Amino acid sequence: MASVSVWDEEEDGAIFTVTSRQYRPRDPTAPTPPPRSSRRLRGGTLVALVRHLLDIRMPEADRTFASTFLATHRAFTSTPTLLGLVVDRLEALESHPPDELERMTGVTISVLSTWLASHPEDFGSEVKGQLDRLESFLLRTGYAAGEGVGGCGADLIRNLRSRVDPQAPDFPKPLALPGDPPADPTDVLVFLADHLAEQLTLLDAELFLNLVPSQCLGALWGHRDRPGHSHLCPSVRATVTQFNKVAGAVVSSVLGATSTGEGPGDVSIRPLRPPQRARLLEKWIRVAEECRLLRNFSSVYAVVSALQSSPIHRLRAAWGEAARDSLRVFSSLCQIFSEEDNYSQSRELLLQEGNPEPNSKKTPRPGSRGGGVVPYLGTFLKDLVMLDAASKDELENGYINFDKRRKEFAVLSELRRLQNECRGYDLRPDPDIQQWLRGLRPLTEAQSHRVSCEVEPPGTSDSPAPRVLRPTLVVSQWTEVLSSVGGPTHLVSWDQPSVGEDEVPGTPAPLLTRLAQHMKWPSVSSLDSALEGSPSLHSPADPRHLSPPAASPRPNRGHRRSASCGSPLSGGPGEGVSRGTGSRAGASGPGASDCRIIRVQMELGEDGSVYKSILVTSQDKAPSVISRVLKKNNRDSAVASDFELVQLLPGERELIIPPSANVFYAMDSVSHDFLLRQRRRPSAAAQGSASGPSASGTPPSEGGGGSFPRIKATGRKIARALF
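Owing to the predicted nature of the structure, the values given are computational and were not obtained by experimental measurement. (Residues numbered from 1 in each chain as written. Predicted model: local features only at pLDDT ≥ 70, side-chain atom pairs only at ≥ 80, totals over all residues. Heavy atoms only, no water.)

1. Let's talk about the overall build of the chain
Here comes step 1: Helices and strands together make up the secondary structure of the chain, namely 26 helices and 13 strands.
Here comes step 2: For the chain, with 723 residues in total, the buried portion stands at 47%.
Here comes step 3: Restricting to contacts in the chain with at least 6 residues of sequence separation, those with at least 24 account for 72%.
Here comes step 4: Of the accessible surface of the chain, which amounts to about 34,600 Å², a share of 52% is contributed by carbon and sulfur atoms. (Helix = DSSP H or I, 4+ residues; strand = E, 2+ residues; numbered from the N terminus. Buried < 20%, exposed > 50% of the residue type's maximum accessible area, 1.4 Å probe, protein only. Contact = heavy atoms within 4.5 Å. Areas by Shrake-Rupley, 256 points an atom, 1.4 Å probe, with all protein chains shown as cover.)

Spelled out as C-alpha cells, the structure:
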C-alpha cells in the first residue's frame, strides 16, 4: 500500500510537479521505508526550459522532456532563438572548471545530435549565424577536433553544415503537368479496382512518409491562413492537396466532365445515362473498399467524401441504378468515418496490426501488398487544433505551459509510429494509371455544381418527405418567481437582466419578463421575426437583456437552455453580440476553448440534402455561420437572410437559432447537428387564427404590431389571474 502526495515547487523560473509515494510494508513490525519522490517540469521561462534540457542530472521521471521539447518547440519559439540560447549556455560555462565544462559540452553535443537526427528540417539557412557561434566555441575550447567529445563535436558541425541549405522534398504531383493531354475521367472503368487502389496508396504513402509531424501542431497548422504564413507546413499542405485531388477525380469521373478553364462554363461534358453513372459509382466504391484492405484510410475517406458531396449526392437517378451490394459496402465505409465518439471506428482500425480484414476471401497478389498503413491526417489535425484551442499556452504567472506540449507530443508520437508502420508497403508503380492520374483536370466547386444541375435539373425527382419536428423551449430566469407558481425545482440559472433605457437600477424586472419564464414555446421563430422588423421596439423582454449562465444544471423536464443574443436594432447582422456583465464570453476569443465543430445539413429541395462541417467559435453569430454554410454549398451568401439555422435535438425536436444570436451560446450541447433551411412564411389565415408567442411568422410593423403586443396582452391576463 502507498499514499500519494502531489504538490508544485518553483525553482529558478520553472515550476515542477512533485509526486511523493510513501509505501507501507505488509508486515506492521517492519520499518517504514523512506518516501519515493519524482519531479516533472510543468512550466517555466524559455531560459529555464533550455537549462533543464541541458541538465546532466535530469530525473528519470522526466526522460521524455528532451523529446517533447525538441518536437514542439516551434509552437512557442523559433529554431535560431533556441540554438542561440544553447550556445549562450555553453559560453557562460567557459570560465568554469574543465571537468564541468566537458560534461556540459558532452550533454549539449548529444542533445544537438539527437535534434538533428530527429528533426533535420529545423536546420535551414536561418540558423547559419548561430551555427557559426557554436563552431567558434568548439574550436576555441578544443572540442572540435580529436577523439571522444572532440570527435563528436567535429561530426556534429559537419552534419549541421550539410543541412544549412536543405532541399525541399520532392512531393508527388498527380495533377497534370504542363503539356500533358487531358485524361478522360471515365477511363477509371478501364483499370482494375485493386490496381488503382495500389497506385493511390503508393502516392499517399510517399506523402505520409515525407510528412513532418511537428508541422501538424495547432499553433502552426491552425494559423496557416494568416498573412505571411503561406510557407508554413508544406508537407501537410501536400497531403491535403493529394486528398483533394483524389476527391476531385471521383467527382469528375461520375459527372463525366473535364475542366478546360477556371470559369463555371469552361467544362467539357461527356453525355452519360444514369446506368452508366451507376457503374462509375460502383467502381469508385470498389476502389475505396480495396483501399480499406490496404489500410489506406486517406484515399478511402477521399472517395467517400466525394461520393457524399452535394454534386454527387443529389444524382438520385444514378444512385437508384446502383447495385444493392455496392450501396451496402458504401454504407459500411461511411460508418468507418462516422463522427460518433470522436471517430472511434477509424481510430480502432489504425490500432489493428496487419490486414484489418483477416476473414477476407480475397488473396493478395504476390509482391503487391504489404503491412503498411496510411491514416486520414484530418483526424490528427483536428485533435491538435482542438488541443491548441482548449489549453492555454501560458500558466497564470506567464510561464510556458509545458504540460500542453506533453499532450501534443503524445499525438505526434502516434504519427511517428504510423510512419514507421507505413514503410511496410511493397508496391510497384503502374505507368498507365500514373499517367491517367496526372492527366486529370478536376472541376472547381462551382463547375461541379453547375454540371450536376445540368445532369439532373432540380425538380426532376420527388422531394423527400419533410421531417416532423416537435421543439419545446422553456426559458427560466428567477427561481423565486417559478417557485411561487409551482415551477420545477431544478432551474436554469440566469444572470440579472441589464438595465434598459427607461428602467431604474435595482427595480424588479417587468412582469412580462418574469411571466414569460413559465410558458412553453413550441418555437422561437416568432421571436426572431419580431426582432428583425421592430427597430423602434425596446421591450424589457428583448433577448439582449439576457446573458448566458456561467453554469446551468440540466432541468428535469422540458428543454431549457440559455441564449446570448445580440441586438438587431443598431446595425444588422454585422454588429457585435451584446452580453450581460456576468457572461464570460466577452473575454474569450477564437483562440480560447470556446469553439465547437458542428454538422450543418442544408435542405436542397428536390436535390436532397448534404452535411458540411463548420467550426463555430464564441464570436460567431447566426448570419456569419449561415453565410459560411451557403458558400460551402456553392450558394450565394448574399441571400443568407432568407435562411434560418435550426439545431436538431434528440426526440425529433428542434431549436431555431435567432438571426441575431451567438450560435455558440444559443446551441444545446447535447447535439452538434444543425439544419439550414429557408424561412417559412405562414399564410395570413394562419397568422390570424394562431395565438401565443409562436403565432407570428412575419415581422411586425413599426407601429407596435406583431407578436410582442400579443405576448404583453397575454401576460397581463395571466398577471391578473395570478396576482
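Once you've had a look at it, read on.
2. Structural notes on the packing of helix H7 (residues 193–209) against helix H10 (residues 274–293)
Packed helices, taken two at a time, are described by the angle between their axes plus the distance between the axes.
Here comes step 1: Running from N to C, H7 and H10 cross one another at 55°; their axes reach a closest spacing of 8 Å. Taken together, the axes of H7 and H10 lie oblique to each other. Regarding H7 and H10, the two cross each other, and that crossing is right-handed. Counting all contacts with H7, which are made through Ala-193, Asp-194, Leu-196, Ala-197 and Leu-200, the residues of H10 involved are Lys-283, Trp-284, Arg-286, Val-287, Glu-290 and Cys-291. (Axes fitted to C-alpha atoms, helices over the stretch in contact; angles between N-to-C directions. Parallel < 35°, antiparallel > 145°, perpendicular 65-115°, else oblique. Left-handed = near helix turned anticlockwise from the far one by under 90°.)

3. A word on the pairing of strand S2 (residues 14–23)
Here comes step 1: Judged by how many residues are buried, S2 sits mostly within the fold: seven of ten residues are covered.
Here comes step 2: Hairpin connection of strand S1 (residues 2–11) to S2: two residues between the antiparallel strands, including Asp-12 at a positive phi of 50°.
Here comes step 3: Two strands pair when backbone bridges link them, and S2 and strand S3 (residues 36–44) are joined in this way by eight bridges, in the antiparallel orientation. Pairing of Ile-15 across the sheet is with Gly-43, part of S3. (Pairing = 2+ DSSP bridges.)

4. A short note on the pairing of strand S12 (residues 653–657)
Here comes step 1: Among the five residues of S12, five are classified as buried, and the element is accordingly described as predominantly covered.
Here comes step 2: On S12, burial covers both faces: Arg-653, Leu-655 and Ile-657 on one face and Glu-654 and Ile-656 on the other are all buried.
Here comes step 3: Examined bridge by bridge, strand S11 (residues 643–649) and S12 share five bridges and lie antiparallel to one another. Residue Leu-648 lies in a different strand from S12, and its bridge partner there is Glu-654.

5. What about the packing of aromatic side chains?
What describes a pair of aromatic rings is the distance from one ring centre to the other and the angle between the planes of the rings.
Here comes step 1: Counting across every chain of the model gives 13 aromatic pairs.
Here comes step 2: A connected cluster of aromatic rings, assembled from ring pairs, spans Phe-65, Phe-69, Phe-76 and Phe-402.
Here comes step 3: For Arg-39, the ring lying beneath its charged end belongs to Phe-16, and the centroid distance is 4.0 Å.
Here comes step 4: The aromatic ring of Phe-664 is capped on one face by Arg-596, whose charged end is 5.1 Å from the ring centroid. (Phe/Tyr/Trp six-rings, centres within 6.5 Å; stacked < 30°, edge-to-face > 60°. Lys NZ or Arg CZ within 6 Å of the ring centre and 35° of its normal.)

6. Re the side chain of Ser-627
Here comes step 1: Mapped onto the fold, Ser-627 is located in helix H23 (residues 622–632).
Here comes step 2: Among the polar contacts made by the side chain of Ser-627, one reaches the main-chain carbonyl oxygen of Pro-623 at a distance of 2.9 Å.
Here comes step 3: Contact partners of Ser-627, with chain neighbours within four places excluded, come to Ser-637 and Ala-640. (Polar contact = N/O pair within 3.5 Å; in protein donor to acceptor, adjacent residues only side chain to side chain.)

7. Side note on the nonpolar core
Here comes step 1: In terms of nonpolar packing, the biggest core is built from 78 residues, with Trp-284, Leu-307, Ile-312 and Trp-436 touching the most fellow members.
Here comes step 2: Ranked by residues supplied to this core, first place goes to helix H9 (residues 234–255) with nine residues.
Here comes step 3: Core analysis: the next-biggest nonpolar cluster, separate from the first, contains 38 residues, Ala-14, Leu-93, Phe-123 and Leu-138 among them. (Core = buried A, V, L, I, M, F, W, Y, C linked by side-chain atoms within 4.5 Å.)

8. Looking at the pattern of salt bridges
Here comes step 1: Tallied over the full model, the rule gives 29 salt bridges.
Here comes step 2: As a salt-bridge pair, Arg-328 and Asp-325 come within 2.7 Å of each other at their nearest N and O atoms. Here Arg-328 and its partner Asp-325 are both found in helix H14 (residues 324–336), three residues apart, which amounts to about one turn of the helix.
Here comes step 3: The structure contains a network of salt bridges with shared partners spanning Asp-388, Asp-393, Lys-404, Arg-405 and Glu-408. (Salt bridge = Lys/Arg side-chain N within 4 Å of Asp/Glu carboxyl O.)

9. Looking at helix H17 (residues 402–422)
A turn of α-helix holds 3.6 residues, and therefore any two residues three or four places apart point the same way.
Here comes step 1: Taking 1.5 Å per residue as the helical rise, H17 with its 21 residues ought to reach 30 Å, and the 30 Å between its terminal C-alpha atoms agrees with that figure.
Here comes step 2: Considered for burial, the residues of H17 that qualify are Phe-402, Lys-404, Arg-405, Arg-406, Glu-408, Val-411, Leu-412, Leu-415, Leu-418, Gln-419, Glu-421 and Cys-422.
Here comes step 3: The N-capping residue of H17, defined by a side-chain oxygen 3.3 Å from the backbone nitrogen of Asp-403, is Asn-401. (Expected span 1.5 Å × (residues − 1).)

10. What to know about H23
Here comes step 1: If you check which residues of H23 are buried, you get Ala-622, Pro-623, Val-625, Ile-626, Ser-627, Val-629 and Leu-630.
Here comes step 2: Immediately beyond the C-terminal end of H23, within one or two residues, lies Asn-634, with a positive phi of roughly 60°.

11. Observations regarding the sheet that holds S3
Here comes step 1: Read across the sheet, four strands follow the order S1-S2-S3-S6 without closing on themselves; strand pairing throughout is antiparallel. One side of each edge strand has no neighbouring strand; the edge strands of this open sheet are S1 and strand S6 (400–401).
Here comes step 2: Taken together, the two bridges between S3 and S6 define a ladder with antiparallel strand orientation. When the sheet's bridge partners are listed, Gly-43 is paired in S6 with Asn-401.
Here comes step 3: H17 contacts S3 and S6 of the sheet and is inclined by roughly 95° relative to S3.

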